[in-house]
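Chain by chain, the residues:
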Amino acid sequence: MIMAEIGNKVKSTNDLELKDRLVAINRVTKVTKGGRTFSFAAIVVVGNEDGVVGFGLGKAGEVTAAIAKGVEAAKKNLVKVPVLKGTIPHEQEAKFGGAQVLLRPASHGTGVKAGGAMRAVLESVGVTDVLAKSKGSSNPHNLVKATILALSELRDAYTVAQNRGVSMEKVFKG
């Protein structure tokens, strides 16, 4: 799974108030000797709208059960994202499967310029101003994973200074 590559996972979900958003529901049919059996797959994004986001996939015979399973799976895959003044710290690209996403910071008042699956992830993480472009596949599963991968690769100036072992002023001087 995607979260194996990401280092900034959230350890505890007890103190977080997470809101869930349904990204997509897919009706899946299994053909058996007795006829067709329908089940549902739901991809869900959860976030506290303050820098924490996660996604999950739930499969069940009923839509509500699939969504509930997706929410539980999403709570196990939370990632911390730096959000500065409602936008992201820098431009970032990521690719997952056939989906490729480009995220760019935007000035205050721009809004979330993103579609479908990307919008759900960005709003759940608490980004209010961002320019986003989806290239390649529009598969919601891969778009959600690519967007979370891009967000998890973001670093703010404080983290960069800490990793380099220098002061904040030296980071901006180059």
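Here the structure is shown first, and the text comes after it.
Residues numbered from 1 in each chain as written. Predicted model: local features only at pLDDT ≥ 70, side-chain atom pairs only at ≥ 80, totals over all residues. Heavy atoms only, no water.

J.: Outline the overall build of the protein chain, supporting the account with residue identities and numerical values.
T.: Check the secondary structure of the protein chain and you find five helices and eight strands. In the protein chain, the succession of α and β elements from N to C terminus is β-β-β-α-β-β-β-β-α-β-α-α-α. Taking the principal axes of its C-alpha atoms as reference, the protein chain extends roughly 70 × 35 × 30 Å. Across the 174 residues that make up the protein chain, the buried fraction comes to 40%. Restricting to contacts in the protein chain with at least 6 residues of sequence separation, those with at least 24 account for 57%. Of the accessible surface of the protein chain, which amounts to about 9,700 Å², a share of 50% is contributed by carbon and sulfur atoms. Of the charged side chains in the protein chain, 25 are positive and 15 negative, and the gap between their average positions amounts to 8 Å. (Helix = DSSP H or I, 4+ residues; strand = E, 2+ residues; numbered from the N terminus. Buried < 20%, exposed > 50% of the residue type's maximum accessible area, 1.4 Å probe, protein only. Contact = heavy atoms within 4.5 Å. Areas by Shrake-Rupley, 256 points an atom, 1.4 Å probe, with all protein chains shown as cover. Lys, Arg positive; Asp, Glu negative; His and termini not counted. Charge placed at Lys NZ, Arg CZ, Asp CG, Glu CD.)

J.: Outline the pattern of salt bridges, supporting the account with residue identities and numerical values.
T.: Throughout the structure, instances matching the rule amount to seven salt bridges. As a salt-bridge pair, R21 and E123 come within 3.2 Å of each other at their nearest N and O atoms. Remark: E123 occurs in helix α2 (residues 116-125) and R21 occurs in strand β1 (residues 19-32); sequence separation between them is 102 residues. One connected set of salt bridges, linked through shared partners, spans K19, R21, E49, R119 and E123. (Salt bridge = Lys/Arg side-chain N within 4 Å of Asp/Glu carboxyl O.)

J.: Before we move on, can you summarise helix α3 (residues 140-152) with the specific residues and values?
T.: When the terminal C-alpha atoms of α3 are compared, their 18 Å separation across 13 residues agrees well with the 18 Å that a helix rising 1.5 Å per residue should span. Where burial is concerned, most of α3 is hidden: 11 out of the 13 residues are buried. Among all positions in α3, only N142, L143, V144, K145, A146, T147, I148, L149, A150, L151 and S152 are buried. Put simply, N139 is the residue that caps the front of α3, since its side-chain oxygen is 3.1 Å from the backbone nitrogen of H141. (Expected span 1.5 Å × (residues − 1). Polar contact = N/O pair within 3.5 Å; in protein donor to acceptor, adjacent residues only side chain to side chain.)

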